[in-house]
Amino acid sequence: MTPRRRLLASAALPWLVAACVVEEPPPPEPEPDFELETERVLLRGYGRSEAELCAGTTRWIDDYLDALAPAFDLAPGLLGEYRWYSDELWTTTTCSQYAGCTSTKGPTVFAPDIPIEHELAHLAGATRCPSVLSEGLAEYLRGVGDPLAGDVADVDIEHTLGASFEEEDWHTADYHRARNFVSFLTHEYDLNAVVDLCRATPDATDRDALDQAAREVLGASLDELLADYAEYPACPDEHDRAKLLECSREPVVELPLDSDATLVVDLASCNHPDAIGPQDGYYSLSYTIRLIEDGILTLSTFEFHPERDFSGTIFRFEQCASCGDGAVGYIREWDVDYVDFGEWYAAGLYVLDLQIPLEFESELHITFHR
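Quick notes on the rules
- Residues numbered from 1 in each chain as written.
- Predicted model: local features only at pLDDT ≥ 70, side-chain atom pairs only at ≥ 80, totals over all residues.
- Heavy atoms only, no water.
- Core = buried A, V, L, I, M, F, W, Y, C linked by side-chain atoms within 4.5 Å.
- Buried < 20%, exposed > 50% of the residue type's maximum accessible area, 1.4 Å probe, protein only.
- Helix = DSSP H or I, 4+ residues; strand = E, 2+ residues; numbered from the N terminus.
- Contact = heavy atoms within 4.5 Å.
- 1 Å grid on protein atoms, 1.4 Å probe; cavity = no way out; pocket = protein on both sides within 12 Å on 5 of 7 lines; lining within 4 Å.
- Points joined across faces, edges and corners; volume = space filled by probe spheres on them.
- Nonpolar A, V, L, I, M, F, W, Y, C, P; charged D, E, K, R; others polar.
- Phe/Tyr/Trp six-rings, centres within 6.5 Å; stacked < 30°, edge-to-face > 60°.

Peer 1: Quick rundown of the nonpolar core? Include the residues and the values.
Peer 2: Counting residues in each nonpolar core, the largest one holds 65 residues, and the members touching the most others are Tyr 64, Leu 65, Tyr 82, Leu 141 and Leu 185. Looking at this core, the element that brings in the most residues is helix α1 (residues 57–72), giving eight residues. Filtering out sequence-adjacent residues up to four positions away, Tyr 82 remains in contact with Leu 42, Leu 43, Arg 44, Val 109, Ala 111, Asp 113, Ile 114, Pro 115, Ile 116 and Leu 120. Membership of the second largest hydrophobic core comes to 33 residues, among which are Val 265, Leu 299, Phe 317 and Tyr 345.

Peer 1: Explain empty space enclosed by the protein residue by residue, including any values.
Peer 2: Evaluated as defined, the whole model comprises four cavities of 30 Å³ or more. Phe 72, Ala 121, His 122, Gly 125, Ala 126, Thr 127, Ser 134, Leu 137, Ala 138, Val 195, Cys 198 and Arg 199 are the residues that line the second largest cavity. Listed by contribution, the elements that provide at least two residues to the lining of the second largest cavity are α3 (117–125), α4 (131–140) and α7 (191–199). Across the lining of the second largest cavity, the residue classes break down as seven nonpolar, four polar and one charged.

Peer 1: Describe the packing of aromatic side chains, and please don't skip the residues or the numbers.
Peer 2: Scanning the model with the defined rule gives 14 aromatic pairs in all. Judged by centre distance (6.5 Å) and plane angle (15°), the ring pair of Tyr 85 and Phe 110 falls under stacked. Of this pair, Tyr 85 sits in strand β4 (residues 80–85) while Phe 110 sits in strand β6 (residues 108–111), and the two are 25 residues apart along the sequence. Residue Phe 110 is classed as buried on the basis of its relative accessible area, which comes to 2%. Between Trp 170 and Tyr 175, the aromatic rings sit 5.6 Å apart at their centres with planes inclined by 85°, giving edge-to-face as the arrangement.

Below is the structure:
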């Protein structure tokens, strides 16, 4: 199954401003088909039923936003609205050609999938700042949904800065470059400092305004930051996501050297209590793993029923560490025998995320080999 790839941003629509954050109040909507209030969001479904939600989705949304709370100074309680549309109704919305968008007035997320953590990060931020920061933060804090086309190397930071001030067209690769720049700033300062820098530039319209805010918040000029950034690795997103929630959990598997361990999911399906989605024809399962010693790692999935084809299942294995410290991460598709992560890994915490086609329902055994 091939996921849809929707752009997240464009300047083509007047309701969108250079990226997927908008300042205008959300437009009126017809009555939702269902409404569900969690600790953090008011979820409204349009052309959707509550029964379509995978069982762990609302808990994941709340936990994800709680993980962002220290950086964004979020108080307990409701933060905003998440409007979730059927594919048919999504085509009638203002940002229908994109993966989603967020209005800072409300604030309100508009999306055809659930959850889109990129948009939840905007919901948590609920402020405008140059896209190199606002979109960079949203991508740095993103989930495991299908990555955007392009990569960091497709544009340089000067292009992304220019596109942030509407001197250039914003490309999908600018999301990757903005994410990587925020990763650098977080590594050199911390996430709270990047959020403070964003909040210090709500009306920044040019480089000079961003430069002045950087001097005040970070104690460095923009040119000084860019000179240091030139030495930072250009990591792909599997090396570069923050994974604040995933890396804060207790590990479900602890694996010493020269030992195997098996993760058993009694019945993997959208109805599993840990399942998140639906996201573009998939649900996700996410687990934290601790490697007690350095060594090689491979996964096997022999316990998949051989008579069934589980093609399309995607495995992401990512280190709980910074791109700036050489973090590793790999994306592999399901294989009938092995999911080969045959690489050397340092001891520490890692995250295993599975993106599984919605029709998949089966007992699932994943064995970690050292």
